[in-house]
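Listed below are the residues making up each chain.
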Amino acid sequence: MPALKEGFVPDSISTDLHISSMNAGMKDMLNVMSKFLALGLSLDDVVRRSTWNPAREIRHEELGNLSVGAIADVAVLRLETGRFGFVDSFGGKKTGTQKLVCELTLRDGKVIYDLNGIARPAWETLPKDYKSTGDPRWDAAIGR
């Protein structure tokens, strides 16, 4: 990205996701965030430009932060290292060494996505005749 090389860093990061981009260069927000890691932005910069900065730009400062009184929308991300390919909108590939993966998502304090069951009790610790785990007051996966 020539603008990044020249010192012009975007204030916010978003997907511009639409039917023509979802299976091409954009895919999802974490893919776009990972592209910016591959371009040299720090993890802190990528997260800030994907959360707090956009919230302020749309004048919704109750979003994009973990302050007291803020809405409890939280994504727990894992930073993987390896060799990853990121495709641009014209089909070119940029290779990177880091990729973000979502482990857990909370929406308004409720678990709505849990990739590896990190919010669940270990199977070995459950009673032999258990029927259900979790608490419907905070777990959106139960009691729908």
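Above this text sits the structure in question.
Residues numbered from 1 in each chain as written. Predicted model: local features only at pLDDT ≥ 70, side-chain atom pairs only at ≥ 80, totals over all residues. Heavy atoms only, no water.

Within the element layout of this structure, Glu103 appears in strand 2 (residues 93–107). Polar side-chain contacts of Glu103 include one of 2.6 Å to the side chain of Arg78. There is a polar contact of 2.9 Å between the side chain of Glu103 and the side chain of Asn116. Ignoring any residue separated from it by four or fewer positions in sequence, one finds Glu103 in contact with Val76, Arg78, Tyr113, Asp114, Leu115, Asn116 and Ile118. (Helix = DSSP H or I, 4+ residues; strand = E, 2+ residues; numbered from the N terminus. Polar contact = N/O pair within 3.5 Å; in protein donor to acceptor, adjacent residues only side chain to side chain. Contact = heavy atoms within 4.5 Å.)

Moving on, we come to the pairing of strand 2. Note: strand 1 (residues 74–87) against strand 2, 12 bridges, orientation antiparallel. Within strand 2, the position partnered with Ala75 by the bridge is Thr105. Here strand 1 folds back onto strand 2 in antiparallel fashion, the turn holding 5 residues, of which Gly91 has a positive phi close to 100°. Summarising the sheet, strand 2 and strand 3 (residues 110–114) pair through 4 bridges and their orientation is antiparallel. Looking at strand 3, one finds that Leu104 is bridged to Asp114. (Pairing = 2+ DSSP bridges.)

When two helices pack together, their arrangement is given by the angle between the helix axes and by the axis-to-axis distance. Viewed as axis vectors pointing N to C, helix 2 (residues 29–38) and helix 3 (residues 43–50) meet at an angle of 140°, and their least axial separation amounts to 9 Å. Between helix 2 and helix 3, the angle falls in the class oblique. The hand of the helix 2/helix 3 crossing is right-handed. Here helix 2 contributes Met29, Met33, Phe36 and Leu37 to the contact with helix 3, which in turn contributes Leu43, Val46, Val47 and Ser50. Residues of the contact of helix 2 with helix 3, tallied by class, amount to 7 nonpolar, 1 polar and no charged. (Axes fitted to C-alpha atoms, helices over the stretch in contact; angles between N-to-C directions. Parallel < 35°, antiparallel > 145°, perpendicular 65-115°, else oblique. Left-handed = near helix turned anticlockwise from the far one by under 90°. Nonpolar A, V, L, I, M, F, W, Y, C, P; charged D, E, K, R; others polar.)

Within the fold, Asn65 resides in the loop between helix 4 (52–57) and strand 1. What makes Asn65 buried here is its relative accessible area of 17%. Placed 17 residues apart in sequence, Asn65 and Arg48 show a C-alpha to C-alpha distance of 9.0 Å. Every residue in contact with Asn65, bar those within four places of it in the chain, is listed here: Trp52 and Ala70. Of the polar contacts made by the side chain of Asn65, one reaches the backbone oxygen of Leu63; its length is 3.1 Å. A polar contact is formed between the side chain of Asn65 and the side chain of Ser67, at a distance of 2.8 Å. (Buried < 20%, exposed > 50% of the residue type's maximum accessible area, 1.4 Å probe, protein only.)

Now for a nonpolar patch on the surface. Taken together, Leu43, Val47 and Leu79 make up a surface patch of nonpolar side chains, about 190 Å² in accessible area. Taking the relative accessible area as the measure of exposure, Leu79 reaches 35% and is therefore partly exposed. (Patch = residues over 30% accessible without salt bridge, like charges linked within 9 Å, V, L, I, M, F, W, Y side chains within 5 Å. Areas by Shrake-Rupley, 256 points an atom, 1.4 Å probe, with all protein chains shown as cover. Salt bridge = Lys/Arg side-chain N within 4 Å of Asp/Glu carboxyl O.)

Our focus in this paragraph is the environment of Tyr113. You can see Tyr113 is positioned in strand 3. According to the relative accessible area criterion, Tyr113 is partly exposed, its value standing at 38%. In the structure, Tyr113 is positioned 38 residues away from Ala75 in sequence and 9.2 Å away in space, judged by C-alpha atoms. Apart from the residues lying within four places of it in its own chain, the contact partners of Tyr113 are Cys102, Glu103, Leu104 and Thr105.

With 12 residues, the main nonpolar core is built from Leu4, Ile13, Met26, Leu30, Val32, Met33, Phe36, Leu37, Leu41, Val46, Leu100 and Cys102. Secondary structure elements with two or more residues in this core: helix 2 and strand 2. Ignoring any residue separated from it by four or fewer positions in sequence, one finds Leu37 in contact with Ser42, Leu43, Val46, Leu79, Gln98 and Leu100. (Core = buried A, V, L, I, M, F, W, Y, C linked by side-chain atoms within 4.5 Å.)

So yeah, pure geometry; function would need other evidence.
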